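In case you want the letters, here they are:
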Amino acid sequence: MKTMAIPYLHYHFTTLLFTSLCITVFGTKLDGIQLPTVDDAHGITSLNTSNKVFKLPNVETIIPHSNDADSYDKVRKLYEKLLSPNRYNPKIRPVYGQNKAVMITLELYMFDMISIDDVNQRMISDCYISMDWKDELITWNKTEFGIHLLTANTQDIWTPELITHNARDKVESKNVIQPKLLHNGNVYWGQNFVLTTACNLDMDKYPFDIQTCSITIISVAYISSHLNFVLGNDAINMSLFNKNYGWDILHTKAQVKYLQSNQTVTAEFAITMQRRPKFILINDIFPMLSLSFLNCFVFLVPMESGEKIGFGISVLLAVAVFISNTSTRLPSSALGLPAVTKYLGYLLISCIGSVFVTIVDVQLYYYIQKHSIKENILSASSPAKPTSHQNNGKHKTKSDDINDDDNDDKIPAPMFSNMKMTGRCTFVSLLGMISKYTGIVSFCCIFGLWCYATVWFFMYVAT
C-alpha cells in the first residue's frame, strides 16, 4: 500500500502544478472548460450553466492579500467594528433613513419537483431561494483591511422575515446557509428547503390536464413602504432542474403582487405543467374500455350455455374494481365532476343495465320453454273433434238434428280448454318473438351508447 501511495500523490501533485501554470499563462479558459469568473463591481461569482447564470456570493478568502501575521486580528476587529451592539441592532432595518424601503431581490431556483398529490391537491418541491439586499450599516474599506467578504450568523445581522403564504406543511430546511457580507454593503443569503404548497388542481380533463401551481412568498413583518421585492428573473430558474417523468414543464412565471391596498407585498412564482397520460391510459383507462366493450357481447351468449348472467356479473364486478381504484386517485373536493368520472359512471350504469336486461331475457326464455311443454301435453291429451255429421257411420235423422240444436247451448269442457290453450299459445308466441329480438336490440343499443360515450370522452379531454 505504501509503495502504491507515493506514485499516486506524485501524479496528483504534478497535475495540480501543471493546471496552475496553464491558468496563469492562458487565462481563465482551459481546453473548453468554463471557469468561474469574478465580477469586481458586484463582488459575485458567476457560474455558467446551460442557459442561465447561477449567481453565488464571491467565494474570495477572508485572508488579506498580504501575508501579515495580524490578519486574524484584522478580521476580529472588523467584526467588532461592524456588528458591535452599540452600533448595530439586528432588529432595525439596515437603512439610515427609516422612511426608505429595503429592496429585497428574490430569485427562485427549482431543483426537483418531488410529487404532485392529486388527492390532497398539493405540490412537493425542492427549491432554493436566493435573496440579496443593501445593508447600509455594514460597509468597510477593503483596501484598509484587505478583506472583501465576511460570513455572519443570521442572529447577528438583520434578515427579512418571509413566509410561504400557501405552504401546507412546515417548511423543511435542508441546509443552513449563512449570509455573506460584501465590503460594499451587499448581503447575499439563500435557503434550500423541501416545500409543500397548496395547488388547486383542475381535474376536468384528467389525465390530459394542464395544471398551474405556485409558490407565494409574503412579507408579514413589514409593509411595502418599509420592505419591497424586486425579482432577479421574470421566471423560475430551471437551469438545475431534474427532469420529472410524470409531468412536462411548459413554462414558468414570476411576478410581484400587492395586497390589502398595496400594504402587503408578495412574490408569486408559478409553474405550468402538463401531465404525461401514458401510464394512466395503459393501467386504468384502456382495461376499463376493454371490459365495457366486452360487456356489450353478453347479449350474444346462447341461453343454453347457462353462463349468460354469470358473464354479465363478472364483467360488472371487474369494472367496479377498476372504477374504485381510479376514484382513489382523484380529489374528493374537486369543483365539478371530472370527465373521466362521468365516463366511468356511464360504464358502470351500462354494465348494471346489461345485467338487468339479461335477467329479464333469461326469465322470458325459461317462461316460454315451460309453457311450451305444457301446451304440447295438453294438445296431446285433448280428444279430436268430429269433422262430419255422422253417427256410427249412419246419417243423422231429423230427431238427431233437433237434439244437436238443443246441445249447442252448452259449451263442452274440452272446447273451452282448447280456447284457453289457443289464447295462451298466442301470448307465449308473442313473448317468444320479443325474446328473440331482445338480445339483438339490446346489443345494438349498448354498443352504440358505448361508442358515443368513448368518442365524447377522448374528444373532450384531448382538446
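What counts as what
Residues numbered from 1 in each chain as written. Predicted model: local features only at pLDDT ≥ 70, side-chain atom pairs only at ≥ 80, totals over all residues. Heavy atoms only, no water. Helix = DSSP H or I, 4+ residues; strand = E, 2+ residues; numbered from the N terminus. Buried < 20%, exposed > 50% of the residue type's maximum accessible area, 1.4 Å probe, protein only. Areas by Shrake-Rupley, 256 points an atom, 1.4 Å probe, with all protein chains shown as cover. Pairing = 2+ DSSP bridges. Axes fitted to C-alpha atoms, helices over the stretch in contact; angles between N-to-C directions. Expected span 1.5 Å × (residues − 1). Bend = angle between axes of the 7 residues up to and from the residue. Disulfide = S-S within 2.5 Å. pLDDT = per-residue confidence, 0-100. Salt bridge = Lys/Arg side-chain N within 4 Å of Asp/Glu carboxyl O. Arc of directions from axis to C-beta. Polar contact = N/O pair within 3.5 Å; in protein donor to acceptor, adjacent residues only side chain to side chain. Contact = heavy atoms within 4.5 Å.

## What about the overall build of the protein?
From N to C terminus, the protein includes eight helices and 18 strands. Going through the 463 residues of the protein one by one, you find that 37% of them count as buried. Only carbon and sulfur atoms are counted for the fraction: they give 61% of the accessible area of the protein, which is about 27900 Å².

## Here we look at the sheet that holds strand S15 (residues 247-259)
Working definition: the strands of a sheet are paired by backbone hydrogen bonds and lie parallel or antiparallel to each other. Judged by pairing direction, the sheet is antiparallel, and its four strands sit side by side in the order S9-S13-S16-S15 without closing on themselves. Edge strands, defined here as strands with exactly one partner in the open sheet, are strand S9 (162-164) and S15. Direction aside, neighbouring strands of the sheet carry axes that sit 20° apart on average. Pairing of S15 with strand S16 (residues 264-275), which is carried by twelve bridges, proceeds in the antiparallel orientation. Within S16, the position partnered with Leu-259 by the bridge is Thr-264.

## Examining helix H4 (residues 278-295)
Two residues of an α-helix separated by three or four positions point the same way, owing to the 3.6 residues in each turn. The terminal C-alpha atoms of H4 lie 25 Å apart, and with 18 residues this matches the ideal 26 Å at 1.5 Å per residue to within 8%. Taken as a whole, H4 carries its principal kink of about 35° at Ile-285; the proline Pro-287 stands between one and four residues after it.

## Some points on the state of the cysteines
Working definition: the covalent bond between the sulfur atoms of two cysteines is a disulfide. Enumeration over the complete set of coordinates arrives at one disulfide. Between the sulfur atoms of Cys-199 and its disulfide partner Cys-213 the distance amounts to 1.8 Å. Judged by the sign of its S-S torsion, about -80°, the cystine formed by Cys-199 and Cys-213 is left-handed. Separated by 14 residues along the polypeptide, Cys-199 in the loop between strand S12 (186-198) and strand S13 (210-219) and Cys-213 in strand S13 bring together distant segments of the chain. The residues Cys-199 and Cys-213 share a single accessibility class, namely buried.

## Thoughts on the confidence of the model for the protein
Averaged over every residue, the pLDDT of the protein is 76; the share at 70 or more is 69%. Per-element confidence in the protein is highest for strand S14 (residues 227-231), whose mean pLDDT is 95, and lowest for strand S2 (residues 33-34), whose mean pLDDT is 36.

## Concerning the pattern of salt bridges
Tallying each qualifying case throughout the model produces ten salt bridges. As a salt-bridge pair, Arg-76 and Asp-73 come within 3.7 Å of each other at their nearest N and O atoms. Taken together, the positions of Arg-76 and Asp-73, both in helix H2 (residues 71-83) and three residues apart, correspond to about one turn of that helix. The partly exposed category is assigned to Arg-76, whose relative accessible area is 33%. Glu-268 is the partner of Lys-257 in a salt bridge, and the nearest nitrogen-oxygen pair spans 3.3 Å. One end of the pair, Lys-257, is in strand S15; the other, Glu-268, is in strand S16, and eleven residues separate them in sequence. Taking relative accessible area as the criterion, Glu-268 reaches 17% and is therefore assigned buried. Each of the salt bridges in this network shares a partner with another, and the network as a whole consists of Asp-73, Arg-76 and Glu-80.

## Here we look at helix H5 (residues 308-327)
Taking 1.5 Å per residue as the helical rise, H5 with its 20 residues ought to reach 28 Å, and the 29 Å between its terminal C-alpha atoms agrees with that figure. Those residues of H5 not exposed but buried are Lys-308, Gly-312, Val-315, Leu-316, Val-319, Ile-323 and Thr-326. Viewed end-on, H5 has its buried residues packed into an arc of 105°, placing them on one side of the element.

## Some thoughts on the environment of His-148
Tracing the backbone through its elements, the reader meets His-148 in the loop between helix H3 (142-145) and strand S8 (149-151). Distance from His-148 to Leu-182, taken between C-alpha atoms, is 5.9 Å for residues 34 residues apart in sequence.

## As for the side chain of Asn-192
Residue position: Asn-192 is located in strand S12. Among the polar contacts listed, one links the side chain of Asn-192 to the side chain of Asp-126, at a separation of 3.2 Å. For Asn-192, the side chain forms a polar contact with the main-chain oxygen of Cys-127, separated by 2.7 Å. Here Asn-192 is in contact with Phe-111, Asp-126, Cys-127, Tyr-128, Ser-173, Lys-174, Asn-175 and Ile-177, once residues within four sequence places are set aside.

## Some remarks on the pairing of strand S6 (residues 102-117)
Where S6 meets S14, five bridges bridge the pair, whose relative direction is parallel. Bridge pairing in S14 links Leu-106 to Leu-231. Pairing geometry for S6 and strand S7 (residues 122-134), over eleven bridges, is antiparallel. Within S7, the residue paired with Leu-108 across the bridge is Ile-129. Between S6 and S7, which pair antiparallel one after the other, the connecting turn spans four residues, and Gln-121 there sits at a positive phi close to 55°.

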